[in-house]
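Notes for the structure review
Listed here are the chains, written in short residue letters.
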Amino acid sequence: MENKTANYCIACTVTQCRHHVKTANYCALDKVLIGTHEENPTASECVDCESFAADKSSVQGSL
Ligand code: SF4
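Bear in mind the structure is a predicted one, so any value in this text is a computation, not a measurement. (Residues numbered from 1 in each chain as written. Predicted model: local features only at pLDDT ≥ 70, side-chain atom pairs only at ≥ 80, totals over all residues. Heavy atoms only, no water.)

The subject of this paragraph is the overall build of the protein chain. The helix and strand tally for the protein chain stands at zero helices and four strands. When each of the 63 residues of the protein chain is scored for burial, the buried share is 21%. Long-range contacts, defined here as pairs at least 24 residues apart, represent 21% of the contacts in the protein chain between residues at least 6 apart. Per element, the accessible surface of the protein chain, about 5100 Å² overall, is 52% carbon and sulfur. (Helix = DSSP H or I, 4+ residues; strand = E, 2+ residues; numbered from the N terminus. Buried < 20%, exposed > 50% of the residue type's maximum accessible area, 1.4 Å probe, protein only. Contact = heavy atoms within 4.5 Å. Areas by Shrake-Rupley, 256 points an atom, 1.4 Å probe, with all protein chains shown as cover.)

Structure follows, in structure tokens:
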């Protein structure tokens, strides 16, 4: 598994993301893009990290 350097400015708990450092709750990217899938976001659930990329090693049930 490749070692990634944590960006301590971007805390993240989404370990299923390819950019997550895995060894701690941080992202390895220099910057991320945050966006929304709602027309009028009103809660944190409305907001997404658009830099997310599925980590193939943590995708369940796909062969
Ligand atoms: S790209 Fe977004 S979801 Fe993925 S580790 Fe970084 S902050 Fe988390």
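Right, let's get into the site of the ligand. Taken together, Ile10, Cys12, Cys17, His19, His20, Cys27, Leu29, Val32, Cys49, Ser51 and Phe52 make up the full set of residues adjacent to the ligand. A per-class count over the shell around the ligand returns eight nonpolar, three polar and no charged. (Near = heavy atom within 4 Å. Nonpolar A, V, L, I, M, F, W, Y, C, P; charged D, E, K, R; others polar.)

Moving on, we come to unusual backbone geometry. Backbone phi values are negative for most residues with the exception of glycine, while trans is the configuration of most peptide bonds. The phi dihedral of Lys22 is positive, around 75°, even though this residue is not glycine. Counting through the fold element by element, Lys22 comes out in the loop between strand S1 (7-11) and strand S2 (26-27). The partly exposed category is assigned to Lys22, whose relative accessible area is 28%.

With the rule as written, the count across this model stands at one salt bridge. The partner of Lys22 in a salt bridge is Asp55, and the shortest N-O contact between them spans 2.8 Å. With Lys22 in the loop between S1 and S2 and Asp55 in the segment after strand S4 (47-49), the pair connects residues that are 33 residues apart, well separated along the chain. (Salt bridge = Lys/Arg side-chain N within 4 Å of Asp/Glu carboxyl O.)

Two aromatic rings are characterised by how far apart their centres lie and by the angle between their planes. Counting across every chain of the model gives one aromatic pair. Between Tyr8 and Tyr26, the aromatic rings sit 4.8 Å apart at their centres with planes inclined by 75°, giving edge-to-face as the arrangement. Here Tyr8, found in strand S1, pairs with Tyr26, found in strand S2; they are 18 residues apart in sequence, far enough to count as distant. Residue Tyr26 is classed as partly exposed on the basis of its relative accessible area of 25%. (Phe/Tyr/Trp six-rings, centres within 6.5 Å; stacked < 30°, edge-to-face > 60°.)

Here we take up the side chain of Asp55. The buried category is assigned to Asp55, whose relative accessible area is 12%. In terms of polar contacts, Asp55 uses its side chain to reach the side chain of Lys22, at 2.8 Å. Here Asp55 is in contact with Gln16, Cys17, Arg18 and Lys22, once residues within four sequence places are set aside. (Polar contact = N/O pair within 3.5 Å; in protein donor to acceptor, adjacent residues only side chain to side chain.)

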